[in-house]
Amino acid sequence: MKDAAKTNILSRRWRYLWTFFTGTLDFDASLTLEELRFPLGSGNLNSLREERLRFVRWVDQVLGLHQALTVDGLRIIFDVGYECDVDNWVKFALDKKVQKLELDFTDLRMADYSELYAFPSHLFENSNPSSLTALHLKRVNVTGGTLECLLSHCPFLEVLSVKNSSSLLSLNIWGPTLKLKYLEIWGCRNFEKLEISAVNLLSFSYRGPEVVHFKHVPQLLELSVAGSFFKVVVDKLFKHLSFLSQLKTLNLHFTGPLKLIMTGPQQFPELNNLKYLELKVSLLEFGDLFLLAPLLRASPSLHKLTLLICYAEMSSGDLQTLIDEHTYHCLKVVEFIGFVGSTAEVEFLLHLSKNSVSLEKMIIDPCRPYPLGELFKSRSQILKSKFRETKEYLLAKERAIELQQKLPSDLEIVVL
């Protein structure tokens, strides 16, 4: 959009041509936000105020000059504070029959949730949001009633994502004409109840308390869970959910020690259609890695396994493995992030190599999986680059190269 606006210097006739732009108006200042975030001192707070004013003027000016009848999308990503009229931005999106709306008001100061911008339900009384196909809200307070109203008035809504909202207490996803395919509820700390009955839902991503009730999800293919709900999935849902056998992608992230969940050998239902499994867990001991074996055995069609491992302690633990001889007929790619080169890790990867008859590639990354999230991706890259200069990384990489000598020569090995 900025490049389109710059064309006005080439010709007077082009001066306002950009104002008829009908694509996505993308106000993404996340790079600026990242520069202010690390570090965030008193000087940077003054800079934040200046950047806020500059950002708000930019958005207001562009929206004020825009003349096209419709726009495909509106993305606004910044810590906007209180120096702006966000209601007017949302009204603009509704008036322009926007299809994709994203508001990400990540707060650098991580202020109290009560100070978050409240999504304006009253605007829908005079505007028709029926054109909306995707709605992404982050650090925006929105109630379950408002979302349910949106779902009932947006017949084409396929994507709904709500992150870090303190006003979201309960939500009932249902409706015979519901087109919703992708649902994400993340970090809504006051959440008390979520019921899902969505015949077209393909993907569900959730991080929060243990309040999810699946009523009817006949087409669900992708499930991502994190936080305390991870334990519920392992302890209860794996035993009772009928849709598990239809899943093709499963992402399980748990920041606490794996032993708190898997205290011994686990019995998992057959995940016959599962093609991709991603596990992000913390281990107290290297030997805890073998606690994952039953889940792998329950996934006979698995094509790719990704492990993101963090170690709370660096003790060797008990190496009495829980792995017996088992053939993985479909496993083609193994990715291990957080490799330190322990005996347990080496034995675990050798086991997978020996028993995976279709294995084509193994990726070993000694770098820790940094949990900074999507907004600060480049900051994560900086941390990773610095870590790759440490003795810890160099030793782990040396052990990975030693492991490579023990693996089949026809197996593609990538050591990062």
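Since the model is a prediction, treat every value here as computed from it, not as a measurement.

Asker: Which residues make up the overall build of the chain, and what values go with them?
Answerer: Helix and strand counts for the chain come out as ten helices and 19 strands. When each of the 416 residues of the chain is scored for burial, the buried share is 48%. Residue pairs at least 24 apart in sequence account for 68% of intrachain contacts in the chain once pairs closer than 6 positions are excluded. Surface summary for the chain: the accessible area is close to 20,200 Å², and the carbon and sulfur share equals 51%.

Asker: Could you give me a rundown of the packing of aromatic side chains, with the residues and numbers involved?
Answerer: In this description, a pair of aromatic rings is defined by centroid distance and the angle of the planes. On inspection of all chains with the given rule, the structure shows eight aromatic pairs. Relative to Tyr206, the ring of Phe204 lies with its centre 5.9 Å away and its plane at 20°, an arrangement referred to as stacked. Across this residue pair, the class does not change: Phe204 and Tyr206 are buried. Members of the aromatic cluster, joined through ring pairs, are Phe27, Phe55, Trp58 and Phe78.

Asker: Tell me what's going on with the side chain of Ser224, and back it up with residues and numbers.
Answerer: Inspection of the secondary structure puts Ser224 in strand E13 (residues 222-226). Excluding anything up to four places from it in sequence, Ser224 contacts Phe204, Ser205, Tyr206 and Asn251.

Asker: Residue-level account of helix H4 (residues 86-95), with values.
Answerer: The complete set of buried residues in H4 reads Val86, Trp89, Val90, Phe92, Ala93 and Leu94. Positive phi appears at Lys97, one or two residues downstream of H4, with a value of about 55°.

Asker: How would you explain the sheet that holds strand E12 (residues 212-216) if you had to name every residue and give the values?
Answerer: As summarised here, the arrangement of the three strands in space is E8-E10-E12, forming an open sheet in which the pairing is parallel. With one partner strand each, in any of the chains shown, strand E8 (170-173) and E12 form the two edges of the open sheet. With strand direction ignored, the average angle separating the axes of adjacent strands in the sheet is 10°. Note that strand E10 (residues 193-197) and E12 share four bridges and pair parallel. Within E12, the position partnered with Glu195 by the bridge is His213.

Asker: An account of the pairing of E8 is requested, with residue identities and associated values reported.
Answerer: In E8, alternate side chains face the same way, and those of Leu171 and Ile173 are buried while those of Ser170 and Asn172 on the opposite face are not. When E8 meets E10, the two strands line up parallel, connected through four bridges. Bridge pairing links Asn172 to Glu195 in E10.

Asker: Please give an account of the confidence of the model for the chain that cites residues and values.
Answerer: In the predicted model, the chain carries a mean pLDDT of 81, and the fraction of residues at 70 or more is 78%. pLDDT under 50 marks residues 315-322. Its contacts with residues more than four places away, or in other chains, come to 17 contacts.

Asker: A description of helix H8 (residues 343-355) should follow, citing residues and the corresponding values.
Answerer: Side chains three or four residues apart in an α-helix point the same way, a direct result of the helix having 3.6 residues per turn. Helix length check: H8 (13 residues) gives 18 Å between terminal C-alpha atoms against 18 Å at 1.5 Å per residue, within 8%. Taken residue by residue, H8 has Ala344, Glu345, Val346, Phe348, Leu349, His351, Leu352, Ser353 and Asn355 as its buried positions.

Asker: Got a sec to walk through the nonpolar core? Specific residues and values, please.
Answerer: Counting 105 residues, the largest nonpolar core has Phe119, Ile196 and Phe204 as its most contacted members. When residues of this core are sorted by domain, at least three fall in each of domain 1 (23-37 + 45-220) and domain 2 (232-415). Those residues in contact with Phe119 that lie beyond four places of it in its chain are Val90, Leu101, Leu103, Phe124, Leu135, Leu137, Val140, Asn141, Val142, Thr146 and Leu150.

Conventions we followed
Residues numbered from 1 in each chain as written. Predicted model: local features only at pLDDT ≥ 70, side-chain atom pairs only at ≥ 80, totals over all residues. Heavy atoms only, no water. Helix = DSSP H or I, 4+ residues; strand = E, 2+ residues; numbered from the N terminus. Buried < 20%, exposed > 50% of the residue type's maximum accessible area, 1.4 Å probe, protein only. Contact = heavy atoms within 4.5 Å. Areas by Shrake-Rupley, 256 points an atom, 1.4 Å probe, with all protein chains shown as cover. Phe/Tyr/Trp six-rings, centres within 6.5 Å; stacked < 30°, edge-to-face > 60°. Pairing = 2+ DSSP bridges. Axes fitted to C-alpha atoms, helices over the stretch in contact; angles between N-to-C directions. pLDDT = per-residue confidence, 0-100. Expected span 1.5 Å × (residues − 1). Core = buried A, V, L, I, M, F, W, Y, C linked by side-chain atoms within 4.5 Å. Domains from an automatic or database assignment.

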